[in-house]
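Residues per chain are reported as follows:
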Amino acid sequence: MFMSDSEIYLVVWRVLGSPRLDRTRIKMLRPLTTIPLPGSAQTRLRDYGFIYYEDLCDDKGCNLEGKNLIRQWGLDEQLPSLTSPPPTKSALDIWQEECNAPRIVTFCKALDDNLGGGLAVGELTELCGAPGSGKTQLCLQLCVDVQIPSSFGGLGGEAVFIDTDGGFTPHRLKEVAEACVNHLRQLELNQDFREMDQQTNNFTVESVMQRIHYIATKDHLQLLAAMYSITEFLEKKKQVKLIVVDSLAFPFRNGTLDSLLRTRLLCTVLAELRKVARKYSLSVLITNHLTTKVSPGSESHLVPALGDSFGHYINTRIMLGSLQQGCCAAVLIKSVRSSELSAKFQILKSGIRDCSSV
């Protein structure tokens, strides 16, 4: 229910006890409900007569007991940061940050070129495709690649792998890690750099597998629990630069959830992933399966599952598919920087590699 200007004036007059308040100042008051405080704190503050943020800041007319309550909660120190305006940036600053953002290479040059150098940090990337199209293989490859030392142009980070459908294979991960370690040591022989030598000594198969943190979830409830605890985990593991969810669709495929609840839970998971991607400057990679969509003209085609609202949270969407002669296709169907592009790659024992010869 909305109040008129006269009703607002009357409320403020009663609260602040000033019959000569300027109407312009009244309209500038900020309601306390717009401050991100806990619900219990909001209720207690209203009980003590605090309605606007200005009531908390003004030394005159404030309830002493209420002010003591604010200090007990520690809100007197938090209020300046909670109410401070967001920083402003120029469009040039944002563009330069995007251009200079660290990238995680895929070991497929054609795909990396389409992505502007690889997966960007601070963003959500979706891999969608049919079973056997290479989604999990690409996830494992990126979990290894994110750990490439900085002297080789990598991030030197760690990865979190959230497995919902049991697709994680340690043996396959070990093969990819061995190939990457051998590749860097071969580069080291061609480049006589002491810094490279020191970093490659620490870059071993065992260390690579040690820095991939595995989380298995059985249903959507465990996935939600993992999302709610991920921030605490990232505070302890500052080097994490990649979070993989393989697959996001799987826990929501059973029929126990109605469509409205499923959409709400999915939005909760994606909102949390997008928040941590930006806050901790890491890349989030999720996989999704395909479903058949029938158009009004009775024509059907494959589309990413989970509904249209799901795609609004994604920065980059890559459709994977199989081709002839052992190659796969990666089609960039959504990107904030590029138009629709395609690349070929192949899945070898060593991992994801170019398929330029085909």
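(A) Structural detail: the overall build of the protein chain. A tally of regular secondary structure across the protein chain gives 15 helices and 13 strands. Residues counted as buried form 43% of the 358 residues belonging to the protein chain. Considering only residue pairs separated by 6 or more positions, the protein chain has 62% of its internal contacts joining residues 24 or more positions apart. As displayed, the protein chain offers around 19,900 Å² of accessible surface, 52% of which is attributable to carbon and sulfur atoms.

(B) Summary view of the state of the cysteines. Tallying each qualifying case throughout the model produces one disulfide. For C327, the disulfide goes to C355, at an S-S distance of 1.4 Å. Taken as a pair, C327 in strand β11 (residues 327-334) and C355 in the segment after β13 (351-354) lie far apart in primary sequence, 28 residues in all. Looking at C327, the relative accessible area reads 2%, which means it is buried.

(C) Broad picture of the sheet that holds strand β12 (residues 341-348). On the basis of which strands lie adjacent, the open sheet formed by nine strands has the order β5-β4-β6-β7-β3-β10-β11-β12-β13 and mixed pairing. The open sheet has two edge strands with one neighbour each: β5 (212-216) and β13. Shown here is a sheet whose adjacent strand axes are inclined to one another by a mean of 25°, direction ignored. For strand β10 (residues 316-322) and β11, the ladder comprises six bridges, and the chain directions are antiparallel. Opposite R317, over in β11, you have K334 as the bridge partner. With respect to the sheet, helix α13 (residues 220-236) is in contact with β4 (158-163), β5 and β6 (240-246), its orientation differing from that of β6 by roughly 180°.

What counts and how
Residues numbered from 1 in each chain as written. Predicted model: local features only at pLDDT ≥ 70, side-chain atom pairs only at ≥ 80, totals over all residues. Heavy atoms only, no water. Helix = DSSP H or I, 4+ residues; strand = E, 2+ residues; numbered from the N terminus. Buried < 20%, exposed > 50% of the residue type's maximum accessible area, 1.4 Å probe, protein only. Contact = heavy atoms within 4.5 Å. Areas by Shrake-Rupley, 256 points an atom, 1.4 Å probe, with all protein chains shown as cover. Disulfide = S-S within 2.5 Å. Pairing = 2+ DSSP bridges. Axes fitted to C-alpha atoms, helices over the stretch in contact; angles between N-to-C directions.

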